[in-house]
Amino acid sequence: MMDHLGAVLRAHKAGRAVGVTSVCSAHPLVLTAAMRQASDDGTFVLIEATSNQVDQFGGYTGMRPADFRDLVHRIADEEGFPIERVVLGGDHLGPNTWQGEAEEPAMRHAEDLVRAYAAAGYTKLHLDCSMPLAGDATPLTDEVVAARAARLLAAAEDAAPDRDAVRYVIGTEVPVPGGAHETIDALAPTPADAARATLAAHRRAFEAVGGADAWPRVMALVVQPGVEFDHVRVFDYDPSRTTDLQRVLDDEPHTVFEAHSTDYQLEEGLTALVRDHWAVLKVGPGLTFALREGLFALAAIEDQLIAPAARSDLLDVIERVMRGDPRRWERYYEGTPDEQRIARRFSYSDRMRYFLPDPRIEEAVDRLLTNLGAAGIAEPLLSQYLPAQYARVRRGSLPNEPRALLLDRVRDALRPYAAATSAGDHLASAPTGVRR
């Protein structure tokens, strides 16, 4: 088994400005695009499911951890991407889904959640117990959060087929998992002393449950570097605000920072994050945002080429589906009906991603791609609506085929990450010496 994450960590701790992109999406087209990007880059792909997407009961995708693993592996087979270059992770694993329950039932669910991920072969597990449960005094102390995370560590160690292959992530960012609920006015990086306290509390808690030997496998600490996005605004990374924080892990030989909500950061910001030891860059909504842009561009081309009665009417279908189930967007998108409509379609927070698996939307997407595949897309139309893809088609590096164009639009959102994490070269992964 190849130790892909270990190779990145060792190189980074040795002084090379390298890192890894964590693709946090369950959409098959996004996963396909990520594998194509990794294939061209000659590297591995890290794909993570979040605790609300995929859990032991199915999550909002209807998939359990083993189901999501099988989906990823099936796509890898279809793409000819080696399974041994796929690393699976679980993000925000903890009692987030069960915050309305008291500690014991919520934590039992969380332990079962972590066991399901570990047993299914996921080797990067984020243990996150930062959310208060029913009856908790708030704010939670570092000791309470860490003690609960230690329970999850014990569950994972017990369930993993090869515990030595599992690496852990601790800590959390602000806002909470799922993205900002409203417009953000200000965002401060995590204070260095708070990061040190989180680290120390988790070390003590892991030791208390007999998990001291797992500490060298704590690969990352999640802290807030001051990057985030809301519906209409991106908070860009400012290295001058994290000078003290950057030094917190200097004495931790196996641990780097993990940055969440890096979506929409410019390449120079991502590069600076990796340089400053945020060696794990997580991206999710930014990828489905790019997918949506590609779909909307293709729908605009369809309007020019296809008779009204035969069109997919993709935008109208999406609007009907979202308006028919406001639970996943209404409390996020405030304002007038027109403002809500614009947010449903174009917001950075991309609540639309929760609806893309709906069979009605999937059917409309299939019809859109079929219509355009049959009609063909003339280069001037491609130039109008997908100019970056037009240039690649003209150069001969991209086929003028609807699905290929769509996947390439998603890759446009991945290319800055590939550049920022590579330090201009690619890492050879080292074997762990463990066979299974």
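Up top you'll find the structure we're talking about.
Attention in this report is confined to the structure presented alongside it. Computed from a prediction, not measured in an experiment: that's the story for all the values here. (Residues numbered from 1 in each chain as written. Predicted model: local features only at pLDDT ≥ 70, side-chain atom pairs only at ≥ 80, totals over all residues. Heavy atoms only, no water.)

### Here we look at the packing of aromatic side chains
Here's step 1: Applying the stated criterion across every chain yields a total of 11 aromatic pairs.
Here's step 2: Summarising the aromatic geometry, the rings of Tyr-117 and Tyr-122 are spaced 4.7 Å apart at their centres and angled 70° between planes, so their arrangement reads as edge-to-face.
Here's step 3: Residues Phe-206 and Trp-215 carry aromatic rings whose centres are separated by 5.7 Å and whose planes lie at 75° to one another, so their mutual orientation is edge-to-face.
Here's step 4: Among the residues examined, Trp-215 registers a relative accessible area of 9% and is labelled buried.
Here's step 5: Connected via pairs of aromatic rings, a cluster forms that spans Phe-229, Tyr-264, Phe-289 and Tyr-348.
Here's step 6: Between the NZ or CZ atom of Arg-292 and the centre of the ring of Phe-289, over which it lies, the distance is 4.8 Å.
Here's step 7: Positioned over the ring face of Tyr-332 is Arg-351, at 3.5 Å from the centre of the ring. (Phe/Tyr/Trp six-rings, centres within 6.5 Å; stacked < 30°, edge-to-face > 60°. Buried < 20%, exposed > 50% of the residue type's maximum accessible area, 1.4 Å probe, protein only. Lys NZ or Arg CZ within 6 Å of the ring centre and 35° of its normal.)

### Structural notes on the pairing of strand E6 (residues 167–171)
Here's step 1: Taken across its 5 residues, E6 has 5 buried, putting it largely inside the fold.
Here's step 2: The pairing of strand E5 (residues 124–127) with E6 spans 3 bridges and is classified as parallel. Bridging from a neighbouring strand, His-126 pairs with Val-169 of E6.
Here's step 3: This β-α-β element, E5 to helix H5 (residues 142–159) to E6, shows right-handed connectivity.
Here's step 4: Judged from the 4 bridges that link them, E6 and strand E7 (residues 218–222) form a sheet pairing that is parallel. Residue pairing in the sheet places Val-169 in a bridge with Ala-220 of E7. (Helix = DSSP H or I, 4+ residues; strand = E, 2+ residues; numbered from the N terminus. Pairing = 2+ DSSP bridges. Right-handed = clockwise from strand over helix to strand, strands pointing away.)

### Side note on unusual backbone geometry
Here's step 1: Backbone torsion omega between Thr-138 and Pro-139 reads 0°, so that peptide bond is classified as cis.
Here's step 2: Here Pro-139 is to be found in the loop between E5 and H5.
Here's step 3: Of note in the backbone geometry, His-92 takes a positive phi value of approximately 55° without being a glycine.
Here's step 4: Along the chain, His-92 turns up in strand E4 (residues 86–93).
Here's step 5: In the Ramachandran plot, Asp-350 falls in the positive-phi region, its phi being about 50° despite a non-glycine side chain.

### Considerations on the environment of Ile-170
Here's step 1: Here Ile-170 is to be found in strand E6.
Here's step 2: Taking the C-alpha atoms as reference points, Ile-170 and Val-283, 113 residues apart in sequence, are found 18 Å from one another.
Here's step 3: With residues up to four places along the chain from it excluded, the contact list for Ile-170 reads His-126, Leu-127, Leu-199, His-202, Phe-206, Trp-215, Val-218, Ala-220, Leu-221 and Val-222. (Contact = heavy atoms within 4.5 Å.)

### Things to note about the sheet that holds E5
Here's step 1: Reading around the barrel, the 8 strands line up as E2-E3-E4-E5-E6-E7-E10-E11 and close back on themselves, with parallel pairing between neighbours. Going from strand to strand, the sheet's axes swing by 25° on average, the running direction of each strand aside.
Here's step 2: Across the sheet, helix H2 (residues 28–41) lies against strand E2 (20–23) and strand E3 (45–50), angled at about 160° from E3, the strand it touches most. (Axes fitted to C-alpha atoms, helices over the stretch in contact; angles between N-to-C directions.)

### Here's the deal with the pairing of E4
Here's step 1: Most of E4 is tucked away: 8 of the 8 residues are buried.
Here's step 2: Bridge count between E3 and E4: 6 bridges; the pairing is parallel. Looking across to E4, one finds that Glu-48 is bridged to Gly-89.
Here's step 3: Handedness of the crossover is the feature at issue here: the chain leaves E3, passes through helix H3 (residues 65–79), returns alongside E4, and the resulting connection is right-handed.
Here's step 4: Taken together, the 3 bridges between E4 and E5 define a ladder with parallel strand orientation. Pairing of Leu-93 across the sheet is with Leu-127, part of E5.
Here's step 5: Each parallel crossover has a hand, and for E4 linked through helix H4 (residues 103–119) to E5 it is right-handed.

### Points about helix H13 (residues 387–395)
An α-helical turn contains 3.6 residues, so a residue and the one three or four places further along point in the same direction.
Here's step 1: Those residues of H13 that sit buried are Gln-389, Arg-392 and Val-393. Angularly, the buried residues of H13 cover 105° about the axis, an arc narrow enough to put them on a single face. Among the exposed residues of H13, those oriented more than 90 degrees off its buried face are Arg-394 and Arg-395.
Here's step 2: Buried residues in H13 make contact with helix H12 (379–385) and helix H14 (402–422). (Arc of directions from axis to C-beta.)

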